[in-house]
Every structure is written in structure tokens, then in C-alpha cells.
Amino acid sequence: MRIVFIGPPGAGKGTQCKRLVEFLGIPHLSTGEMLRQVKKQDTALGRWIASYLDAGQLAPDHLVMRIVAHRLSKPDCKEGCLFDGFPRNVAQAELLNDHLRSVGTQLDLVLDLAVVEEELIDRLLRRAKIESRMDDNYETIKARLKVFYTQTSPLLEYYRNLGLLAQVDGMQGPDQVFGQIKQAVLARMSERLEKRP
Ligand code: ADP
């Protein structure tokens, strides 16, 4: 299965992605994580990426697509993977569709984890205290949420029109959330099996 996981920062996407990749036995492709790895390197590319990450802005679409395409070419992605944090806007979604089509495959499901904005800010500020992630300060949190609502949320309509979207209520406890995710995944799996000749 090839699944895209969409959710605003602070929605609990990281926790749920971890559980889902364990459940399905597929690799977890987190572009935030991949970009943080590049940022760590003391290179011109690393410093360039840092300027986007530290401001809470999206890194350039083609660059992110190249990093993802490279990861997708590894053998462990053959049977599927979970995209976490990618695509982040419609342009990236189109790049991903084109790429998947060029290698003879496609997405199976897009999950959207919905949480109201006030709750997100609370959760992110709490996490900032615990993890001291560079981009978890109030200003950057606001910037990342703004990026989500202006650039990422139009993706929901985009994927709904493609018949790929399943929405999950992220305001429940982690086990209930995961229960809903499993239901959506299993429902899509059985649809796919029924369609097989
Ligand atoms: P969160 O979902 O908590 O904001 P991520 O780890 O997914 O965190 O992303 C952290 C940062 O990495 C983003 O704010 C952005 O700067 C960058 N980033 C991650 N994924 C992408 C992407 N697909 N395109 C562009 N930038 C990205």
C-alpha cells in the first residue's frame, strides 16, 4: 500500500505514522526527518535547507521530490510506503503523481488527521518544552500552521476529487485515532482486492 498521511503540525501525525508502519510493515518516509538530516550536514545545501526549516517555510518542491524519489528507488519501497509530511502542496502532489506513474504505480489512500487550531498550538508549545526542537517556538509554530492552512489544506480537496481521501478525527485518544486509521486502511485494502481480476 502507498499511503499519504496529511495533518497539521501537532496533530499527532508522528505517533500515528509510527504505529501504522509497524502495523503494515512498510517504510516510513518522513520528509521533515529527511530534510533535518540534510540540514545537519555542514554543507552549502545543508545551510540552504536550514534557512527554510528554521523559518517554518516549505523547502523547494523539486528538491524535496528529488530526495523522495531517491528514497523510493530503494528496494524496501517496492511493496509500498507511508509518506509523512509529503506532499505538502498541490504542486508536490502533482510531482508525486507523475513520478509514481512513471514507475508504473499509484497512491492507494490519503489519510487526513484533523485537529482544531487552538489544540494544535497547545500541543506544540508543550512539545517545544520537552524536545526543544529548533522550529517549535511560538513564531515558527504560527508560521507552520499558516503554511498548513494556506498551502497544504487545499490538498484535501485535491485528493477527495481523486477518491483517495479518508478523514480521521484527531481529537480523540491515540488508541481511538489508530482504530479509525486501521479501519480506513483495511477498507481500502479490501476494495483493492475486490477490484483485482
Ligand atoms: P511538522 O509536521 O511538525 O511541521 P515536519 O517534520 O513534517 O514537521 O516538517 C518540518 C519542516 O520541514 C517543515 O516546517 C518544512 O520546513 C520542512 N518540510 C517537511 N516536509 C516538507 C515538504 N514536503 N516540502 C517542503 N518542506 C518540507
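Predicted model, so just to flag it, every value in this text is computed and none were measured.

Undergrad: I'm lost on the packing of helix α7 (residues 138–152) against helix α8 (residues 154–161) in this one. Help?
TA: Here α7 crosses α8 at 35 degrees, and the two axes come no closer than 5 Å. From α7, Y149, T150, Q151 and T152 reach across to α8, where they touch P154, L155 and L156. Tallied by class, residues from the contact of α7 with α8 come to 4 nonpolar, 3 polar and no charged.

Undergrad: When you look at helix α2 (residues 31–40) in this model, what are you seeing that I'm missing?
TA: Side chains three or four residues apart in an α-helix point the same way, a direct result of the helix having 3.6 residues per turn. Where α2 is concerned, the buried positions are T31, M34, L35 and V38. Buried residues of α2 fall within an arc of 95 degrees about the axis and therefore sit on the same side. On its buried face, α2 is in contact with β2 (28–30), α3 (44–53), α4 (61–72) and β3 (81–84).

Undergrad: Sorry, what's going on with the side chain of K13 here?
TA: Note on placement: K13 falls in helix α1 (residues 13–24). Once residues lying within four places of it in the same chain are set aside, the contact partners of K13 are F5, I6, G7, D84, G85 and L113.

Undergrad: Help me understand the pairing of β3 in this model?
TA: Along any regular strand the residues' side chains alternate between the sheet's two faces. Of the two faces of β3, both are covered, the one formed by C81 and F83 as well as the one formed by L82 and D84. In this structure, strand β1 (residues 2–6) lies alongside β3, joined through 4 bridges in parallel fashion. Across the sheet, the residue bridging to F5 is D84, located in β3. Where β2 and β3 come together, 3 bridges link them in parallel fashion. Bridging across to β3, S30 finds its partner in D84.

Undergrad: Would you mind going over the site of the ligand with me for this structure?
TA: Around the ligand sit 19 residues, and of these T31, Q57, A59, G85 and Q92 come closest. Note that a nitrogen atom of the ligand is positioned 2.9 Å from one of the backbone N or O atoms of A59. R144 is positioned such that a nitrogen or oxygen atom in its side chain is 3.0 Å from an oxygen atom of the ligand. Contact with the protein chains covers 95% of the free accessible surface of the ligand, which is 550 Å². With 4 residues, α2 is the single largest residue contributor to the shell around the ligand. Residue classes in the shell around the ligand are distributed as 7 nonpolar, 5 polar and 7 charged.

So, how was this worked out
Residues numbered from 1 in each chain as written. Predicted model: local features only at pLDDT ≥ 70, side-chain atom pairs only at ≥ 80, totals over all residues. Heavy atoms only, no water. Axes fitted to C-alpha atoms, helices over the stretch in contact; angles between N-to-C directions. Helix = DSSP H or I, 4+ residues; strand = E, 2+ residues; numbered from the N terminus. Contact = heavy atoms within 4.5 Å. Nonpolar A, V, L, I, M, F, W, Y, C, P; charged D, E, K, R; others polar. Buried < 20%, exposed > 50% of the residue type's maximum accessible area, 1.4 Å probe, protein only. Arc of directions from axis to C-beta. Pairing = 2+ DSSP bridges. Near = heavy atom within 4 Å. Polar contact = N/O pair within 3.5 Å; in protein donor to acceptor, adjacent residues only side chain to side chain. Areas by Shrake-Rupley, 256 points an atom, 1.4 Å probe, with all protein chains shown as cover.

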